[in-house]
Amino acid sequence: MTTTHTTRGRRRAPSRMQRAAGKAAALQKPRVILALLLLLGLTSVMLLDGYLRAEVGGDQRVRTGASSSKVPDSVLDGGPILTFRGGKATTVSVPKKTIALTFDDGPNPTYTPQVLKILEENDVPATFFLVGSMVSRYPGIVKDMVEQGDEVGIHTFTHVDLSYQSTARVDREMEQTQLALAGAAGITTTLFRAPYSSETDAIDNYSWPVYKKLGQDGYTSVFVDTDSDDWKKPGVSKIVDWATPKGTSGAAVLMHDAGGDREQTIEALPKYIKKMKAKGYTFTTISGVMEKQNTGNGRAATGTATGVQPGALNGLGTQGGSATRRVTDSLQAAHHQATGATLYEGKALIVAVAVAEYALPVLSVGLMVVGVAVMGRFGMMVVLARRHYRQRNRRRFGWGPPVTRPVSVIVPAYNEKECIANTLQSLSRSTHPIEVIVVDDGSTDGTSEIAREAAYALGMTNVRVIRQENAGKPAALNNGVRSASCDIVVMMDGDTVFEPDTVRSLVQPFADPGVGAVAGNAKVGNRNTVIGAWQHIEYVMGFNLDRRMYDLLRCMPTIPGAIGAFRREAVLQVGGMSEDTLAEDTDITIAMHRAGWRVVYEEHARAWTEAPGSLRQLWSQRYRWSYGTMQALWKHRKSVTDKGPSGRFGRVGMPLVVIFQIVTPVFAPLIDVFTAYSMIFVDFTAALLAWLAVLAVQLVCAAYAFRLDREKYRYLLMMPLQQLAYRQMMYLVLIHSCITALTGGRLRWQKLKRTGEVGTPAGVN
């Protein structure tokens, strides 16, 4: 080992490990941000879709029976078209023998196209009062509507009673609908009809200020003279009769092309048109009515439905006070051509809604698949784990003749001054003959000196300490394997302690000549903190229950670095510990499967390890684990085509690991996001019960895992909190790792800060 000397006044150059750590940290931050942005994007898509469906921000209140004492009588007794020319409320009536046919609540993908077809066949124009959220979902229908010559008006964005809403909400409802119209058909409009409105005599003291405000903004409010009440589905003949005005009176007639089953409306509409034409009526739009009244009163047509100056409306596409070009057709005089920011914002809204419309169904299907996979995994784990436990704990079960020959224990160590003495102390009590090889991987904290002193103090003459330049954990393990004198090597971490019988239990499966490696039972020693308790639950339920299942299926994916045993010849056969991945333990496990060796799990061989004590360290460790696992799976991707026993991992293990450890966890946040969304915006009780049901299933599985490992159940009290916080963090770590893999990032073996608080097993509760 070389020592770097520095001259006075000059900074010491960073080491290779320090430079690599700096680069890794620089790469991780933007990827963490990208992972969070992906989650934020998903949440935004859900909120947008919920807003379109009135699940987010929806308001079902409808005001009835309010006083109209503050509404002018001229308005209450006036015609169905309300304008505020010059700031004064004025109503306009429909001329005799004239029908202004209007439709509310659309567009609807089923009924609106049928209505448009009927109107076109009968050469009849109409005015459609559209809900903005529906416009953004079905922009093509609106475009066809405008191109056909029909007129459109605003029916708010989410179909709410504006009399209950704040001024800001009213403005938002109008502006968002205008943007939807701009994106769908390239126009905005001056026409407005309030949801739940009817004749002018129904205007009350609460809705009147809304109409006044909108009038000041340049909107023309439209009411009805004759209501077909088609939403009641009274029958075709009654719809036709109820829509017919008395005598020769003109009327603004209300029908619906959306909002429910409109089959009766579709059947009644052509009959109604023929009936009214036979009576000598003509059909026009609201702008057509205004045009007739302007001409009839001796005023020249202005090309606008309201007489307001262009640009008076808020948010209708005017930029810097410049007027928008108006549609010249008198039947569509309320339309303005959208330009500038309004047009592009409208198109952006349409695109965003399209993404939400297509993404949510896909995500919903994904959620169902993930849910089924998760529940299936729980069921499979419990069934196979029970079978594994009963098989391995039978009185007559045995691997063969007892293995009593000495084995080599390799302890790779890098800056383990806090833990190495405890590790050697635990090995000094081993009931199985061992040689201990401590490989100091370039430590700078005196780890090797502490190891020698501890071995001397413990009277351990079977300990060798090997120093090497810093080269990483795989190189340290390979050095230990080359230096081992026994045919079986046990690998453990420098922060891990063994029970006295651990090595003896761990090596017994080697009585079977087909066994090439054995995974031990890793336990969290520092479990008396919240983070430690969470990891303890994960180790017992996730890792060890998984290993029972994989052992029975003969496709164990990982031998834990904290405790694992190998035939030395098998390790050398597969080329030793590879530096190709960060998960050298997963890498060599898969390699041994492919070499034809069997890998098993020995539950009675327990090791106590120090788990990360902070969220930062935990993130760093799990990030490395998950990313390294992906590297190992990609490296051994050709195992899926391996033949015979060596291909069993590729046929069985690889799909299970990919589904249960990558794909399912990546999409599992959908469950939590959808659950939170449902609790807030849909049905809190139902969503909560569903979440509690899933938690109960997990709790049952965890309790069974604790029973198999003979652990104390009190730690399960932390499980609800673990599901709310810890699990989400693990999901983000995995998403972070996936982004790193997809963007081609690379990481190095990272050192976690140790405290040395995990002592001998006898002192662990």
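As the structure is a prediction and not an experimental result, all values here were calculated from the model.

Caption draft 1: Main features of the overall build of the chain. Counting secondary structure elements, the chain contains 23 helices and 20 strands. Residues classed as buried in the chain amount to 56% of the 765 residues present. Counting contacts in the chain only where the partners sit at least 6 residues apart, residues at least 24 apart contribute 82% of the total. Just so you have it, the chain exposes about 33,000 Å², and 56% of that area is on carbon and sulfur atoms.

Caption draft 2: Examining the side chain of Thr-226 more closely. Among the structural elements, Thr-226 can be located in strand 9 (residues 226-227). Looking at Thr-226, the relative accessible area reads 10%, which means it is buried. In contact with Thr-226, not counting residues within four places along its chain, are Trp-242, Ala-243, Thr-244, Pro-245, Ala-251, Ala-252, Val-253 and Leu-254.

Caption draft 3: Fine view of the sheet that holds strand 16 (residues 488-491). The strand order across the open sheet formed by eight strands is 15-14-13-16-19-18-20-17, and the pairing between neighbours is mixed. If you trace the sheet from one side to the other, it starts and ends with strand 15 (463-468) and strand 17 (496-498), each paired once. Each strand axis lies, on average, 30 degrees off the axis of its neighbour in the sheet, ignoring direction. As defined by bridge partners, strand 18 (residues 515-524) adjoins strand 19 (residues 564-567) across three bridges and the pair is classed as antiparallel. Looking across to strand 19, one finds that Ala-519 is bridged to Gly-564.

Caption draft 4: Fine view of the nonpolar core. Met-491, Met-541, Tyr-550, Phe-566, Met-592 and Leu-633 are the most contacted members of the largest nonpolar core, which totals 62 residues. The dominant element in this core, judged by the number of residues it contributes, is helix 16 (residues 530-553), at nine residues. Residues in contact with Met-491, not counting those within four places in the same chain, are Ile-410, Leu-477, Val-481, Gly-561, Ala-562, Ile-563, Gly-564, Phe-566 and Met-577.

Caption draft 5: Spotlight on the packing of aromatic side chains. Scanning the entire structure with this criterion turns up eight aromatic pairs. Between Tyr-211 and Phe-223 the ring centres are 5.1 Å apart and the planes differ by 65 degrees, which places this aromatic pair in the edge-to-face class. On the criterion of sequence distance, the pair formed by Tyr-211 in helix 7 (residues 208-216) and Phe-223 in the loop between strand 8 (220-222) and strand 9 is long-range, its members being twelve residues apart. Overall, Tyr-211 belongs to the buried group, its relative accessible area being 5%.

Caption draft 6: Structural detail: the confidence of the model for the chain. For the chain, the average pLDDT comes to 84, and 85% of its residues sit at 70 or higher. Note that residues 23-27 has pLDDT below 50 and, in this model, two contacts with residues that lie over four places away or in other chains. Low confidence marks residues 315-328, where pLDDT is under 50. Its contacts with residues over four positions away, or in another chain, come to 34 contacts.

Caption draft 7: Geometry of the packing of helix 19 (residues 615-635) against helix 20 (residues 648-667). Relative to each other, helix 19 and helix 20 sit at 150 degrees, their axes nearing to 12 Å. Looking at the two axes, helix 19 sits roughly antiparallel to helix 20. The two elements helix 19 and helix 20 meet at a crossing, and its hand is left-handed. Counted together, Thr-629, Met-630 and Leu-633 of helix 19 and Phe-649, Met-654, Val-657, Val-658, Gln-661 and Ile-662 of helix 20 form the full contact between these two elements. Looking at side-chain class alone, the contact of helix 19 with helix 20 contains seven nonpolar, two polar and no charged residues.

Caption draft 8: Inspection of a negative patch on the surface at higher detail. On the surface, Asp-73, Asp-77, Glu-199, Asp-201 and Asp-225 cluster together into a patch of negative charge. Examined against the element boundaries, Glu-199 turns out to sit in the loop between strand 7 (191-192) and helix 7.

Caption draft 9: Just the pattern of salt bridges, in detail. Overall, the coordinates contain 26 salt bridges when judged by the stated rule. Notably, a salt bridge pairs Asp-512 with Arg-598, separated by 3.7 Å at the nearest N-O pair. Here Asp-512, found in the loop between helix 15 (502-507) and strand 18, pairs with Arg-598, found in strand 20 (residues 598-609); they are 86 residues apart in sequence, far enough to count as distant. Owing to a relative accessible area of 22%, Asp-512 belongs among the partly exposed residues under this scheme. One network of salt bridges, in which partners are shared, links Lys-523, Arg-527, Arg-548, Glu-603, Asp-709 and Glu-711.

Caption draft 10: Here's a closer look at helix 12 (residues 420-428). Of the positions making up helix 12, those classed as buried are Ile-420, Asn-422, Thr-423, Leu-424, Ser-426 and Leu-427. Among the structural elements, strand 13 (407-413), strand 14 (434-441), helix 13 (447-458) and strand 17 are those in contact with the buried residues of helix 12.

Caption draft 11: Up close: helix 7. Listed as buried for helix 7 are Trp-208, Val-210, Tyr-211, Lys-213, Leu-214 and Gly-215. On its buried side, helix 7 packs onto helix 2 (73-76), strand 1 (81-83), helix 6 (167-185), strand 7 and strand 8. Gly-218 occupies a position one or two residues after helix 7 and carries a positive phi of about 100 degrees.

Caption draft 12: Highlighting the packing of helix 5 (residues 139-147) against helix 6. In contact at an axis separation of 8 Å, helix 5 and helix 6 are set at 75 degrees when each is read in the N-to-C sense. In terms of their interaxial angle, helix 5 and helix 6 are classed as roughly perpendicular. In contact with Pro-139, Val-142, Lys-143 and Val-146 of helix 5, helix 6 contributes Leu-181, Ala-184 and Ala-185. Of the residues in the contact of helix 5 with helix 6, the class split is six nonpolar, no polar and one charged.

Caption draft 13: Fine view of the environment of Leu-572. Within the secondary structure layout, Leu-572 lies in helix 17 (residues 568-573). Taking the C-alpha atoms as reference points, Leu-572 and Asn-478, separated by 94 residues in sequence, lie 9.0 Å from one another.

Caption draft 14: Examining the pairing of strand 5 (residues 151-154) more closely. Side chains Glu-151 and Gly-153 of strand 5 all project onto a buried face; the interleaved residues Val-152 and Ile-154 project onto the opposite face, where all are buried too. Where strand 4 (residues 127-130) lies against strand 5, four bridges are found, and the strand directions are parallel. When the sheet's bridge partners are listed, Phe-129 is paired in strand 5 with Gly-153.

Caption draft 15: Unusual backbone geometry, seen in detail. Residue Pro-107 follows Gly-106 across a cis peptide bond; omega there is 0 degrees. Structurally, Pro-107 is set in the loop between strand 3 (98-106) and helix 3 (112-121). Look at Asp-229: it is not a glycine, yet its phi comes out positive at around 50 degrees. The buried category is assigned to Asp-229, whose relative accessible area is 17%. Positive phi, close to 60 degrees, is recorded for Arg-554, a residue that is not glycine. Relative accessible area serves as the criterion here: at 45%, Arg-554 is assigned to the partly exposed category.

Conventions we followed
- Residues numbered from 1 in each chain as written.
- Predicted model: local features only at pLDDT ≥ 70, side-chain atom pairs only at ≥ 80, totals over all residues.
- Heavy atoms only, no water.
- Helix = DSSP H or I, 4+ residues; strand = E, 2+ residues; numbered from the N terminus.
- Buried < 20%, exposed > 50% of the residue type's maximum accessible area, 1.4 Å probe, protein only.
- Contact = heavy atoms within 4.5 Å.
- Areas by Shrake-Rupley, 256 points an atom, 1.4 Å probe, with all protein chains shown as cover.
- Pairing = 2+ DSSP bridges.
- Axes fitted to C-alpha atoms, helices over the stretch in contact; angles between N-to-C directions.
- Core = buried A, V, L, I, M, F, W, Y, C linked by side-chain atoms within 4.5 Å.
- Phe/Tyr/Trp six-rings, centres within 6.5 Å; stacked < 30°, edge-to-face > 60°.
- pLDDT = per-residue confidence, 0-100.
- Parallel < 35°, antiparallel > 145°, perpendicular 65-115°, else oblique.
- Left-handed = near helix turned anticlockwise from the far one by under 90°.
- Nonpolar A, V, L, I, M, F, W, Y, C, P; charged D, E, K, R; others polar.
- Patch = residues over 30% accessible without salt bridge, like charges linked within 9 Å, V, L, I, M, F, W, Y side chains within 5 Å.
- Salt bridge = Lys/Arg side-chain N within 4 Å of Asp/Glu carboxyl O.
- Lys, Arg positive; Asp, Glu negative; His and termini not counted.
- Charge placed at Lys NZ, Arg CZ, Asp CG, Glu CD.

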